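Next come the chains, spelled out residue by residue.
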Amino acid sequence: MLLPFAGLFCGRLLATTRTFATTALLQYPKLKSHSGTKKRFRSLGSGIFKRGKAGHKHKNVHKSSGRKNELSQTAYSHGTQTAKLKKMLPYGSP
């Protein structure tokens, strides 16, 4: 048996439902990159990361020239450090 208001209710229900797909509901949440890691590391094509060494910016008067030269060199990630950095920077460095 059909009720007289059933057709009206179905009509309103069909009119209020969306006829287009929203992709925001289908995607997983984006992963966030670690802000401090973004500022300190750069990713390389081989999958490892490079960084500058600490202790070279100021208070260099008492340091030997060899030590200052060593601190100015680039350092590279290795082993478990690379795996942790890949988790902190899931999309690579900017």
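Conventions adopted
- Residues numbered from 1 in each chain as written.
- Predicted model: local features only at pLDDT ≥ 70, side-chain atom pairs only at ≥ 80, totals over all residues.
- Heavy atoms only, no water.
- Pairing = 2+ DSSP bridges.
- Helix = DSSP H or I, 4+ residues; strand = E, 2+ residues; numbered from the N terminus.
- Axes fitted to C-alpha atoms, helices over the stretch in contact; angles between N-to-C directions.

Moving on: the pairing of strand 2 (residues 49-52). Along any regular strand the residues' side chains alternate between the sheet's two faces. Pairing between strand 1 (residues 41-43) and strand 2: three bridges, direction antiparallel. Paired with Arg42 across the bridge in strand 2 is Lys50. Linkage of strand 1 to strand 2, two consecutive antiparallel strands, is achieved through a turn of five residues, within which Gly47 is found at a positive phi near 100 degrees. Bridging between strand 2 and strand 3 (residues 74-76) involves three bridges; their strand directions are antiparallel. When the bridges of strand 3 are listed, Gly52 appears paired with Thr74.

What follows is about the sheet that holds strand 3. Read from one edge of the open sheet, three strands run 1-2-3, paired in antiparallel fashion. At either margin of the open sheet sits one strand with a lone partner, and together these are strand 1 and strand 3. With strand direction ignored, the average angle separating the axes of adjacent strands in the sheet is 30 degrees.

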